[in-house]
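# Summary of structural features
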Amino acid sequence: MNRISLLLLAALSILSAGPLAAAEVARREANNGQVILEDVPEIPVALREQLKRYQNVRSASVVDWTSDGRRLYVNTRFAEVNQVHQVASPGGARRQLTWFDEPVGEVVRQPGGEQLALTRDTGGSEFSQIFVLDSETGQSVMVSDGTSRNSQLVWSEDGARLAFQSTRRDGRANDVWVMQAGDPASARLAVKSEDGTWWGPVAFDRSGERLLIQQYISINDARIYLLDFVSGTLTPLLPAAEPPASEFAQAFRHDAKGQADGVYFLTDRGGEFNQLAYQSLTPGQAWQPLSADIDWSVTEFALSLDGRHGALVSNEDGLSQLYLFDPARGVHRRVTGIPAGVIGGLRFNAAGDRLAFTLNNAQTPSDAYVLALGAEPLQAGALERWTASEVGGLDPGRFVLPELIHYPTFDTVDDQPRQIPAFVYRPPGPGPHPVIVSIHGGPEGQARPVFSSTYQLWLAELGAAVIVPNVRGSSGYGKTYVALDNGVKREDSVRDIGALLDWIATQPDLDAGRVALYGGSYGGYMVLAGAVHYSARLKAAVDIVGISHFVTFLENTQDYRRDLRRVEYGDERDPQMRAHLENISPLSHVEKIRIPLFVAQGHNDPRVPVSESEQLVAALRAGGVPVWYMKAMNEGHGFRKKENQDRFGEVTMLFFKTHL
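This report concerns the structure included in the present document. (Residues numbered from 1 in each chain as written. Predicted model: local features only at pLDDT ≥ 70, side-chain atom pairs only at ≥ 80, totals over all residues. Heavy atoms only, no water.)

### Brief notes about helix H9 (residues 559–569)
Each turn of an α-helix holds 3.6 residues, which means side chains three or four residues apart point in the same direction. With respect to burial, H9 is a largely interior element, nine of its eleven residues being buried. Looking at H9, one finds that the buried residues are Tyr560, Arg561, Arg562, Asp563, Leu564, Arg565, Arg566, Glu568 and Tyr569. Along its buried surface, H9 packs onto strand E15 (198–204), strand E16 (210–218), helix H7 (522–534), helix H8 (550–556) and helix H10 (575–584). Gly570, located one to two residues past H9, shows a positive phi value of around 115°. (Buried < 20%, exposed > 50% of the residue type's maximum accessible area, 1.4 Å probe, protein only. Helix = DSSP H or I, 4+ residues; strand = E, 2+ residues; numbered from the N terminus. Contact = heavy atoms within 4.5 Å.)

### A few points about the pattern of salt bridges
On inspection of all chains with the given rule, the structure shows 38 salt bridges. Measuring nitrogen to oxygen at the nearest pair gives 2.9 Å for the salt bridge that ties Arg621 to Glu38. Pair noted here: Arg621 is in helix H11 (residues 610–622) and Glu38 is in strand E2 (residues 35–38), with a separation of 583 residues, a long-range link. Arg621 sits in the partly exposed class, given a relative accessible area of 23%. A salt bridge links Asp509 to Arg426; the nearest nitrogen and oxygen atoms lie 2.6 Å apart. Of this pair, Asp509 sits in the loop between helix H6 (492–504) and strand E35 (510–520) while Arg426 is found in the loop between strand E32 (416–425) and strand E33 (433–439), placing the two residues 83 residues apart along the sequence. Classification of Asp509 as buried rests on a relative accessible area of 18%. Judged by its relative accessible area of 24%, Arg426 falls in the partly exposed class. Among the charged side chains, a network of salt bridges with common partners joins Glu102, Asp121, Arg640 and Lys641. (Salt bridge = Lys/Arg side-chain N within 4 Å of Asp/Glu carboxyl O.)

### Considering the environment of Ala600
Relative to the assigned elements, Ala600 resides in strand E37 (residues 597–602). Relative accessible area serves as the criterion here: at 0%, Ala600 is assigned to the buried category. Taking the C-alpha atoms as reference, Ala600 lies 5.9 Å from Tyr629; in sequence the two are 29 residues apart. Residues in contact with Ala600, not counting those within four places in the same chain, are Asp543, Ile544, Val545, Ser613, Met630, Phe639 and Phe648.

Structure follows, in C-alpha cells:
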C-alpha cells in the first residue's frame, strides 16, 4: 500500500465511523493544557519519583567576561528555562540577570560596558528577536522588528554598531544587517542573500570599516568574504576552491598600529580536516596553514583583545584538546592537565591573562572553567572550576563512562571493512542487557562523549546498554566521510545501523533480541528508516521531531531553511530526485514498520513541521501499529521547557519499560 493510500485510509477510518472511531484515540492534556498525549498510559507515581533526581541535573555554559575581566556571565537554569547569570568568583553564587518565560539564546556583551545583546523566541518558533539588556538594572528593550528571524549577533569593537543576520527583507532570505547601537530605526541591509544560502557576520575589524562575512552553502562548501563599508564592496577572501572547500572565518589580525593586516580562518582546502590558517590582506600573498600537525579538525579559535594571545580547540575522535596559540610566531602548544571531555565557548578576559571555557564530559554536566595564562603566549597556569552544576543528588562516581569502539559495516576501504565509530555505555553486571541505540541528528552532526542524564537513567534504572554511533555522514571524521550519505547514497547510513545490529549480536553481554532505536530530527528519520528496514530485529522505537517524508518536509519547512536543506537532501522539484526522495521516505513504506513507536513533536517546529509527525501517526494507526504520541503546543524543534522535558522523559521511560 503506498503513502497516499495509507493516508486516505487513515482519514476515512475516522470520518466514516464518526465520533466512535475518533474517540478510540485516547487523548489527555498535561502541563496546563500545553501538552497533548494520545494513547499514552498514565505515568505511575512511583516512576515519576524514580526520575526526579535525573530531571534535576543542571549545567552552566560560558557567555563572556564582564568588561573588567573579573566576573563571568554564564547561561544556566534554576527554574523552567535557561537564563543569563553572573558569577563573581570560582564556586561563587550565580546571580540571575534575566527572568524571561522563554529561554535565552545568543548572548553577546557590548564592548566597553555591561549591556548584553541577546536573542529569544516564543514557543520554540526560532523566530528570535534581538533585545539589549542592561545587566545592572535588568531592563531590556527589543531592537529587532518583532516578526523576522534574527541571529548571529556581532558588536563592533567600539560597541557603536551591531551586525546580525535577519530574514526581515522578505521572510526567507538570510541577509546581513547592521544597526547603530540604541537606534533600531538605523538598521540597514549590508549583504543580500540572492541564492537562498546562509550569510552571516563574523567580526568587525578594529576600525569598524570592514566586516568578515560568512556564506554557508553546505557542510562541504562554505566561503568567506570581506565587506568594506567605505567602498561598499564585497570581496571573497580566497578564490573559489575546486572542488569546493569548507572555510569558516574566525578573526582579523591587527598590526602594531591597530590596522587589520590579515584574517584567521578554518579550512579543509587540500585536506580532510579543518585546520587553522591565515590569509594576509596584502595582495598576492598565499594563505598559510597553522595547524597542519594536528590530524583532526580544529573546531574553535579565539584571540585576546590585544591580539597577543590565542587559543584553539581540536576534535580528536570526539574528545577535545585545548591548545594555546602565539599569534606573533604562528605556533601552538597543547595544554596538559585539562579533564577529558568536550570544550567550547573560548573567551579571553580584557587583560588577556585568563581564558574561560565550557567543559563537559560523560560524568559531569557542562560547567565554566578558567585557565590562568602566563606573560608569554604559550604559558598555561592553574585551572579553576568556576561553576559546579548540580546532579540532582546522584553520585557522579557511579556514572558510566563510554567505551569508543569501531564496528565493521557493509562496504570496504583499502580492501578492509569500513569501520564505524560508536560510543558504548555498558551497565554493570554480566547481562545480557537490552540495548538502546541513540542516533544523532544533523545529518552532519557528531555524537560525542558528553554528559547525558538520560543515558545514565537508562543505564541505572533500566539496566540497558546505550550505543551512540557516528554513522557515515557524521562530521568530525573528515570531508570524505561526511559526504558518504549524500544524494542517492542516503540509505547507506541506514545500512550502518543494520551493521551495528550485527555487531550487537556478537556481544555476549548485549541482548540482540531486545533492541530499541531512539533519535531526533534527522536522527528521527534514521529511527523511522531503521524501523522500516529492521523491524524484525527491533522491539521498539522513539522518534522525536523526525522527518517522515522528505518531499513533504522540504515543501513545508520554513522558507528560510528550504534551499539550504535542498543542498543536503536533494531538490524535490526535480522529477528524478523527487522519485528518489519518495522511495527512501519511511512514510512510503510505513506498512513495513511492525514495532511500537513513541512519537514526540513540538507544535511550533519551524524545521521539521508538525505535519511530519501527524501524517506518520495517522498512517501507523491505519496499519494497526501501536503508537504513543506526545505534542507540546508551546515548543518547537525539541523540548526546552523543564516541565515538558520531564514529561517526555517520563513517557519515554514508561515506553521502554513496556516494550523493551
